[in-house]
Amino acid sequence: MEQAAPDLERPLQPAPLEPLGHPDAGPEAAVGEEAEGAPDEEDPGDRTMTENNFCLKKIEISVSEAEKRTGRNAMNMQETYTAYLVETRSVEHIDGPSVLTDSLWRRYSEFELLRNYLLVYYPHIVVPPLPEKRAEFVWHKLSADNMDPDFVERRRIGLENFLLRVASHPILCRDKIFYLFLTQEGNWKEIVNETGFQLKADSRLKALNATFRVKNPDKRFTELKHYSDELQSVISHLLRVRARVADRLYGVYKVHGNYGRVFSEWSAIEKEMGDGLQSAGHHMDVYASSIDDILEDEEHYADQLKEYLFYAEALRAVCRKHELMQYDLEMAAQDLASKKQQCEELATGTVRTFSLKGMTTKLFGQETPEQRESRIKVLEEQISEGEQQLKAKNLEGREFVKNAWADIERFKEQKNRDLKEALISYAVMQISMCKKGIQVWTNAKECFSKM
Amino acid sequence: MEEPLPAGGAGGDGPCALLPAAALALDGDEDDLELFSKDASLMDMNSLSPTMPTSPLSMINQVKFEDEPDLKDLFITVDDPESHVTTLETFVTYRVATQTSRGEFDASEFAVRRRYQDFLWLKGRLEEAHPTLIVPPLPEKFVVKGMVERFNDSFIETRRRALSTFLTRIADHPTLTFSEDFKVFLTAPDGELSAHKRQGPGLLSKVGQTVRAAALALRGVRGRPAEFEAMSGFLEAFSQKVGLLHKVSQRICKEEREYVDEMKELGPIHALWAELEEDLADTLQGVAGCLDRCCQATERRLRGLAEALLPVVHEYVLYGEMLMGVMKRRDHIQAELESKAEALTYKKADTELLREEVGKLEDKLECANTALRADWERWRQNMRHDLTSAFTATAERNVRYYEQCLATWESFLAAQSDLYAKEPPEDKP
């Protein structure tokens, strides 16, 4: 069992975030463009940034470009990677123009670094996910190649979405490292690494399937973990099927293009039917090529689902964190109880528990009363310390549960809003596709009937 | 030889876009798999007494042609396929029911059982009697490769329809409809048909004809009139186009089938997800319902394609082959005449008989050309009509399909916006 540093257990206090843009302004309004309403006042006096009256200044973040670069990696080997331009704008007044305040290039691995840092320092927060590292759920037309321009484009959007989510999170938006990510290109990696967060990371959290015999987990978290597992499963199943359906639909539409060609050729040998065939053929071509846009739109919808597929993992991580904390708590309590019992036994002389000392005493002779006294003393110290620690752990555990659950409630609402919107937009896409179909086939029908 | 289809619409790299003809090749391209083994003319069919004829109303859907609907006095249906198993072979018979008001028929209603070979016989007789008329094509003789069961239901159904079309077309043909063989086919009780069949030209004379035909074919035709030259040219091109059309249509059926199969899973997954959720459950259920309904609509669309478009296109593929035969026969007559006429120029004495023969052949050719010319026009009109209406109907079906799906999704949206209106709309970029 790895000993986690004690200061990890309490909500961490990253350095206070300087207000963006104006050094002397009040607490920043680090509200991203996609903010889902005003962030709530939820932090206790713990935080150093106390005031929550966000000023009207808004921040806009965008990942506006992607560029292929070559460079040398850590092992001094040539590599090709994509860099993304992260631009930050601040808006003076509500309808005023936005001013570009910062602009720098980041690559995917730096985004990952940022996220990993956030995961460690905000274990009670459902941290927004990054877009997928490698293309999954592809159907034949999509490329699984990371350098493919379509993939890069969709990743660009995903990265922007990630930053906007972080910026609109009431707690995460104030993090200094996040602020520096947006504003300081050079040296940022070193600063992050200097926080030593990798060392503080609890490696047990990475062991996804390791089970801990937790006796009294908060039931809500157990249910939530179960839910996140199911959600992951159902969304990935959905994405897989959707990819296959897209593939097939593509086939249906494209084969109609062949009608276009044959009609056109046929029209050449016909007199009365010639014109009708030609125009009908043209409509078949229109039909065949309409699928490209349709499926591109659907891809964005799939990306929205994917975000929540990955969010489910983040949700799971919070639940796991609770489990671990609870486990440590229970272990500590158990340890304390056993020490107390040992102490009692030494004091009263009855040996109920097995201990090595007891054995050696039996083998090598009784200990002196002085030795016994000193042992009791040590134990009593340990017990007192343990009691304090247990108290602290208990407190931290309750704090964690409270804060985590607050964020989970926030997340749930966000999820319901977003997914509902996504599903509705899917319906809108289908409607658009149907309307196009009606138009094309009505036109074709007219051509046919005139033949 | 089919020429490859070059690239057409956008999105070039997908395997489905712009398929070369090879890729379009039917998996079940007709290979000759002998279905019937024995000489069935020696076999007696099960003699089944004619059943009660069906009402005229049921025959209306057989009527496809608009020419002279009021004057139709012969209605034919083909139905009720039955499998027969004997020690030597297995075959299917169909009930052929006729309703007529023609005087030359002894009664107004008939019902007989016929098997494929009988249809084949009828076709042969008609072609023999009218070599340059366009006799309608029969569905293929042999089983499509890849079918496990020789007589699976869908194969029989497709064949049944095609046989029905075959007979109706003959009935609608101004000349063929009065063929004696046709009448016998429709009316003769089952045992009698075999007897009538044996009355045809003997085997030996058939052989003789074949030899002569081969010799003439080698010789070829000297001067094919321009109009038939044009006809032949058109036919070749048309056959090729229609063949491609058929392949494309089949491919679309295949792709749609696979699309439906995948799509069937989509609705249930959303329903499953709905069970996990509280707030989202309604929306998810709604989407699941829409997907299921659209899936069903797609199945209907697919069925329409397979049942209404494919058979028509296929028939014209067969027509193409058939018409080549008609052109050949016409050429053959002309070649016969030319060879006899040539012989005449070399003969000095005894020309009387030969001259007579040549005269007869000239008449024969004249008749043949006239018959073909007229029938060709008629065929062209029918072709235009049939293919046009088949594609128009397909387009109509597709419009209705999209309209159904549209209605489904729109009503879903309407239901959602009632709930949605209560929440403040999000600002979307």
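Residues numbered from 1 in each chain as written. Chains lettered and ligands numbered in written order. Predicted model: local features only at pLDDT ≥ 70, side-chain atom pairs only at ≥ 80, totals over all residues. Heavy atoms only, no water.

Within an unreviewed UniProt entry, the label attached to chain B reads PX domain-containing protein, and the organism entered is Pipistrellus nathusii. Turning to chain B, the UniProt record has this under Sequence similarities (unreviewed entry): "Belongs to the sorting nexin family." (UniProt positions renumbered as here; feature names shortened; annotations may be inferred.)

Taking an unreviewed UniProt entry as the reference, chain A is identified by name as PX domain-containing protein belonging to Pipistrellus nathusii. Recorded in UniProt for chain A, the comment headed Sequence similarities (unreviewed entry) runs: "Belongs to the sorting nexin family."

**Some remarks on the overall build of chain B**
Across its full length, chain B carries ten helices and three strands. Secondary structure elements in chain B, listed N-terminal to C-terminal, are α-β-β-β-α-α-α-α-α-α-α-α-α. A burial count over chain B gives 46% of its 429 residues as buried. Expressed as a percentage of contacts within chain B between residues at least 6 apart in sequence, the contacts between residues at least 24 apart total 75%. (Helix = DSSP H or I, 4+ residues; strand = E, 2+ residues; numbered from the N terminus. Buried < 20%, exposed > 50% of the residue type's maximum accessible area, 1.4 Å probe, protein only. Contact = heavy atoms within 4.5 Å.)

**Brief notes about the interface of chain A and chain B**
Taken together, the contacts link 64 residues of chain A with 71 residues of chain B. Contact between chain A and chain B buries roughly 6,500 Å² in total, counting both sides, with carbon and sulfur atoms accounting for 71%. For the chain A face of the interface with chain B, the top three residues by lost area are R248, Y259 and K420 of chain A, together amounting to 10%. Our count for the chain A to chain B interface comes out at ten salt bridges. For E270 of chain A, the salt bridge goes to R380 of chain B, with nearest N and O atoms at 3.4 Å. Those elements that provide at least two residues to the side of chain A that touches chain B are α6 (219-267), α7 (274-348) and α9 (369-449) of chain A. Looking at the side of chain A that touches chain B element by element, the count peaks at 27 residues for α6 of chain A. Partitioned by chemical class, the residues of the side of chain A that touches chain B number 35 nonpolar, eleven polar and 18 charged. (Buried area = accessible area lost by both parts, 1.4 Å probe. Salt bridge = Lys/Arg side-chain N within 4 Å of Asp/Glu carboxyl O. Nonpolar A, V, L, I, M, F, W, Y, C, P; charged D, E, K, R; others polar.)

**Some points on helix α1 (residues 108-121) of chain A**
The end-to-end C-alpha separation of α1 of chain A is 20 Å, in line with the 20 Å expected for 14 residues at 1.5 Å each. Among the 14 residues that make up α1 of chain A, ten are buried, leaving the element largely enclosed by the rest of the structure. (Expected span 1.5 Å × (residues − 1).)

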